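Each chain is listed here by its residues.
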Amino acid sequence: MQETKTKTVRFVISRQDTPDSAPYQEEFEIDYRPNMNVISALMEIRRNPVNVKGENTTPIAWDMNCLEEVCGACSMIINGKPRQSCTALVDQLEQPIRLEPMRTFPVVRDLQVDRSRMFDSLKKVKAWIPIDGTYDLGPGPRMPERKRQWAYELSKCMTCGVCLEACPNVNSKSDFIGPAPLSQVRLFNAHPTGEMNKAERLEQIMGDGGLANCGNSQNCVQSCPKGIPLTTSIAALNRDTTFQSFKNFFGSDQI
Amino acid sequence: MAGNREFFNRRLHSLLGVIPVGLFLVQHLVVNHFATGGEESFNNAAHFMESLPFRIFLETFVIYLPLLFHAIYGLYIAFTAKNNTSRYGYFRNWMFMLQRVSGVITLVFVAWHVWETRVQAAFGAEVNFQMMENILSNPFMFWFYIIGVISAIFHFANGLWSFLVSWGLTVSPRSQVISTYVTIGIFIALSIVGVRALTAFI
Ligand code: HEM
Ligand code: SF4
Ligand code: FES
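Residues numbered from 1 in each chain as written. Chains lettered and ligands numbered in written order. Predicted model: local features only at pLDDT ≥ 70, side-chain atom pairs only at ≥ 80, totals over all residues. Heavy atoms only, no water.

**Describing helix H3 (residues 39-50) of chain B**
All names here are of chain B.
Here comes step 1: Over its twelve residues, H3 extends 16 Å from the first C-alpha to the last, a length consistent with the 16 Å expected when each residue adds 1.5 Å.
Here comes step 2: Of all the positions in H3, only Phe-42, Ala-45 and Ala-46 are classed as buried. The buried residues of H3 occupy an angular sector of 95 degrees when the element is viewed end-on, so they sit on one face. Those residues of H3 that are exposed and angled more than 90 degrees off the buried face are Glu-40, His-47 and Phe-48.
Here comes step 3: Contact partners of the buried residues in H3: helix H2 (21-33) and helix H6 (129-136). (Helix = DSSP H or I, 4+ residues; strand = E, 2+ residues; numbered from the N terminus. Expected span 1.5 Å × (residues − 1). Buried < 20%, exposed > 50% of the residue type's maximum accessible area, 1.4 Å probe, protein only. Arc of directions from axis to C-beta. Contact = heavy atoms within 4.5 Å.)

Quick look at the structure:
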């Protein structure tokens, strides 16, 4: 009995009360349970928000949704690396476990950030396939199965923001949209129907804050939890935009 | 070009880094290497370069203007990055950081080097073996030159790697790994050429 009582988990959490207030650190210690993940630990703290000094404090704010690493909402910096807190198992983490928000994004409160810029970027690059019309356009062209399987890997992106957090060129001094929306351009341009808007998407990422801001640090591909080949996508788009810019300049068929 | 000035500028920056600035760097290192054949061999090679027709025109359009654009825009690029090698210690991230650091070192070195040689020549000094012998007899200047030359070569070799990516020539991870090895080879080979030339003056 006594042995299980002494086993605890220690957290050092970076907190921030409002979007503009200064961040501060607070430490917590909770009882260990087998198979805990960072979210279940945060829930435990929320149940009884008392820090290591024994002071009552406010519960910690964080985002979550799917709890199975498909929505991306729960991303935060855990022991120095951005990742999803729902799949961060306490047993595999060095203690004290340090949690910070991904400060590349505006902090809403504590570990909660506002990833709106990513969704805005997806709109900007038209990361969808327009099929609406005033009449039934009929079935689109078919996609070879092998290509579908390949494209599925790119479609796994959950807009979590980890790749933007890891990128040295995504910061307050630059307006680079980051790797995730770029790779989505490659995905939608590869689709037989999406391809009909290929030039439009390429033109968009040839605009300010677009593709050319990549400096090839390749942190994104090392960090993406879904294993998306981001740097291959970027290099492939570099090739596509090279051709597109020649088409634009020399005035041959621009579609 | 309309509406995508940044794209155009970045591609131009990338292109100028290789053609003509990178090619000039290689040519310059090769000419300097004649110093290993002795004073006369170096002076002959340098004299041949000096007596090329339209010299000032060539210098302006092949060296000064491209280098100036690349250097100024390069500074802007270098200082918009927020380096994070302590958190993400991957090989390519280190290269990313070193590409920026070596660019700044190269800029300092090249500015000094042009002042000491080309600008002085415009004032009537003669650029020859003896001039370099005098400069490099000072141990501080010798090491300043070693660091400057090696950082310029690193910057060019690693820049060649990213040039291949920036234009979409090396897309697959495998081609990017192989071009890493090739550019490391270029770095080592040119470093030998550059350092041999410098040591020939002392
Ligand atoms: C000997 C003179 C120089 C040569 C041969 C050279 C060559 C190159 C090459 C080939 C690239 C690769 C372009 C690409 O990524 O597509 C490059 C990139 C770069 N250069 Fe230079 N460069 C020189 C001087 C400078 C100077 C003086 C600076 C000023 C700081 C500078 C800053 C940069 C930066 C920041 C990049 C990275 C661009 C990026 O990754 O997006 N370079 N250089
Ligand atoms: S590409 Fe990967 S790291 Fe980037 S947002 Fe998508 S899932 Fe997250
Ligand atoms: S809660 Fe959806 S990824 Fe973690």
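**Section: the domain arrangement of chain A**
Residue and element names in this part refer to chain A.
Here comes step 1: One can read the domain layout of chain A as domain 1 (8-113) and domain 2 (115-251).
Here comes step 2: Look at where the C-alpha atoms of domain 1 and domain 2 centre, and you get two points 31 Å apart.
Here comes step 3: Taken residue by residue, the interface counts 15 residues in domain 1 and twelve residues in domain 2.
Here comes step 4: Carbon and sulfur atoms make up 58% of the surface buried where domain 1 meets domain 2, a total of about 1,100 Å² over both sides.
Here comes step 5: Inspection of the region where domain 1 meets domain 2 yields one salt bridge.
Here comes step 6: The partner of Glu-69 in a salt bridge is Lys-226, and the shortest N-O contact between them spans 3.5 Å.
Here comes step 7: Counting the contacts that link domain 1 with domain 2 gives four residue pairs in polar contact (both at pLDDT 80 or more).
Here comes step 8: Looking at the side of domain 1 that touches domain 2, the elements that each hand over two or more residues are strand E3 (75-78) and strand E4 (81-84).
Here comes step 9: Sort the elements by how many residues they give to the side of domain 1 that touches domain 2 and E4 lands first, with three residues.
Here comes step 10: Grouping the amino acids of the side of domain 1 that touches domain 2 by side-chain chemistry returns eight nonpolar, four polar and three charged. (Domains from an automatic or database assignment. Buried area = accessible area lost by both parts, 1.4 Å probe. Salt bridge = Lys/Arg side-chain N within 4 Å of Asp/Glu carboxyl O. Polar contact = N/O pair within 3.5 Å; in protein donor to acceptor, adjacent residues only side chain to side chain. Nonpolar A, V, L, I, M, F, W, Y, C, P; charged D, E, K, R; others polar.)

**Some words on the interface of chain A and chain B**
Here comes step 1: Taken together, the 37 residues of chain A in the interface contact 31 residues of chain B.
Here comes step 2: Contact between chain A and chain B buries roughly 2,900 Å² in total, counting both sides, with carbon and sulfur atoms accounting for 48%.
Here comes step 3: Applying the counting criterion to the chain A and chain B interface returns one salt bridge.
Here comes step 4: Between Arg87(B) and Glu100(A) there is a salt bridge, with its nearest N and O atoms 3.3 Å apart.
Here comes step 5: The interface formed by chain A and chain B includes 21 residue pairs in polar contact (both at pLDDT 80 or more).

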